[in-house]
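# Breakdown of the fold
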Amino acid sequence: MKIGEAQEIYREQIRAYQKEKSSISKQLQNLRRRMEIRPEEKEQCATEAATLELTLEALDEKQDEYQEYLSRLTETYCTYWNAAVADQQADASEEYAEDMAKVMEVARRIMRGDIVPASDEKKLMEYSEEMYQTAKSVGAMVRRQKREKHKSLWGDEEEKQYPDPREAAENAEAPGDGPAVVDASSVAAGVSAEG
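Report follows, based on the coordinates. (Residues numbered from 1 in each chain as written. Predicted model: local features only at pLDDT ≥ 70, side-chain atom pairs only at ≥ 80, totals over all residues. Heavy atoms only, no water.)

## Regarding the overall build of the protein
Defined as follows: Counting from the N terminus, the helices are the DSSP runs of H or I reaching at least four residues and the strands are the DSSP runs of E reaching at least two. Taken over C-alpha atoms, the radius of gyration is set against a globule rule of 2.2 Å times the number of residues to the power 0.38. Contact criterion: two residues are considered in contact whenever any of their non-hydrogen atoms come within 4.5 Å of each other. All accessibility values rest on the Shrake-Rupley procedure with a 1.4 Å probe; residue burial counts only the protein chains present in the view. Lys and Arg are tallied as positive, Asp and Glu as negative. Neither His nor the chain termini are counted. Charge placement uses NZ in Lys and CZ in Arg. For Asp and Glu, CG and CD serve respectively.
The number of helices and strands found in the protein is six helices and zero strands. Written out in order from the N terminus, the α and β elements of the protein read α-α-α-α-α-α. A compact globule built from 195 residues would reach a C-alpha radius of gyration of about 16 Å, whereas the protein, at 35 Å, exceeds it by more than 25%. Dimensions of the protein, computed from the C-alpha atoms along their principal axes, are close to 115 × 30 × 15 Å. Considering only residue pairs separated by 6 or more positions, the protein has 85% of its internal contacts joining residues 24 or more positions apart. Accessible surface for the protein amounts to roughly 13,200 Å². Of this, 49% is attributable to carbon and sulfur atoms. The centroid of the 28 positive side-chain charges in the protein is displaced by 10 Å from the centroid of its 42 negative side-chain charges.

The following block contains the structure:
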């Protein structure tokens, strides 16, 4: 099962259990009021109240189990998310370092008086107008009879595609087997049947 699917299932279970617990709590409050108003029904109501309290405890235990597993899912989700983001950041840092080396090489070539493609000059200018102006000034002062002509350092660059961190995290496999999905009303009915 994928993490995203598992998170939805267990979140829905927690909501259902919360709703069931709320309903039973209201029944228990009503029962306690009835015990105060009608003392003659106190014994019968006490038995019924004990059953409702046991039901609430059973629902709490199961909800806690779901919540604990949902927390594990969230930790795993974050791990996959962070791994996807770290890959993107590592590539971006590597590309930045490569671009910086290229910018510096273009500036060096211009300073030597060599001919560089206009696209490379433009990249240097976009990076640093000051560095570009300095390189052009130094290059103009250097008079060489034979100037080298260079091809672009950037060439045809391809845009890298990265996976969406959210998609990567949601589509990763959920850790281990989660707790069995049991309907809240079934847990409540099971306690009532035992009592």
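## Focus: the pattern of salt bridges
Quick note on the threshold: By definition here, a salt bridge exists when the distance from a side-chain nitrogen of Lys or Arg to a carboxyl oxygen of Asp or Glu is within 4 Å. Burial classes: relative accessible area under 20% of the type maximum marks a residue as buried, over 50% as exposed, and values in between as partly exposed (1.4 Å probe, protein chains only).
The tally for this structure, following the rule as stated, stands at 11 salt bridges. Between E12 and R15 there is a salt bridge, and its shortest N-O distance comes to 3.1 Å. On the criterion of helical spacing, the pair formed by E12 and R15 is a turn pair, its members being three residues apart in helix α1 (residues 3-37). Given the relative accessible area of 45%, R15 is considered partly exposed. Measuring nitrogen to oxygen at the nearest pair gives 3.2 Å for the salt bridge that ties E170 to R166. Linking E170 with R166, this pair stays in helix α5 (residues 165-170), spanning four residues, or about one helical turn.

## Details of the nonpolar core
For clarity, the cut-off: Only buried Ala, Val, Leu, Ile, Met, Phe, Trp, Tyr and Cys residues count toward a nonpolar core, and they belong to the same one when joined by side-chain atoms within 4.5 Å.
Y10, Y17, I24, L59, L73 and A174 are the most contacted members of the largest nonpolar core, which totals 27 residues. Contributions of two or more residues to this core are made by α1, α2 (42-111) and α6 (184-194). Ranked by residue count, the leading element in this core is α2, at 11 residues. Apart from residues lying up to four places away in sequence, A174 is in contact with M1, K2, I3, A6, Y69 and L73. Among the nonpolar cores identified, the runner-up in size contains nine residues, and V106, A107, L124 and W154 belong to it.

## What to know about the packing of helix α3 (residues 118-127) against helix α4 (residues 129-141)
Stated formally: Lines fitted to C-alpha atoms define the axes here, with helix axes fitted over just the stretch in contact, and angles between the N-to-C directions of these axes take values from 0 to 180 degrees. Any angle from 65 to 115 degrees is called roughly perpendicular, while one under 35 is roughly parallel, one over 145 is roughly antiparallel, and all others are oblique. Any residue outside Ala, Val, Leu, Ile, Met, Phe, Trp, Tyr, Cys, Pro, Asp, Glu, Lys and Arg is labelled polar, Gly included; the first ten of those are nonpolar and the last four are charged.
The contact between α3 and α4 brings their axes to 5 Å, and the two run at 130°. Relative to α4, the element α3 lies oblique. Where α3 approaches α4, its residues E121, L124, M125 and Y127 are matched on the opposing element by E129, M131, Y132, A135 and K136. Taken together, the residues that form the contact of α3 with α4 break down as six nonpolar, no polar and three charged.

## Some remarks on the packing of α2 against α4
Where α2 contacts α4, the axes come no closer than 7 Å and their chain directions differ by 25°. If you check the angle between α2 and α4, you find them roughly parallel. Within the contact between the two elements, α2 uses V103, M104, A107, I110 and M111 and α4 uses M131, A135, K136, V138 and G139. Grouping the amino acids of the contact of α2 with α4 by side-chain chemistry returns eight nonpolar, one polar and one charged.

Honestly, it's all geometry; don't read function into it.
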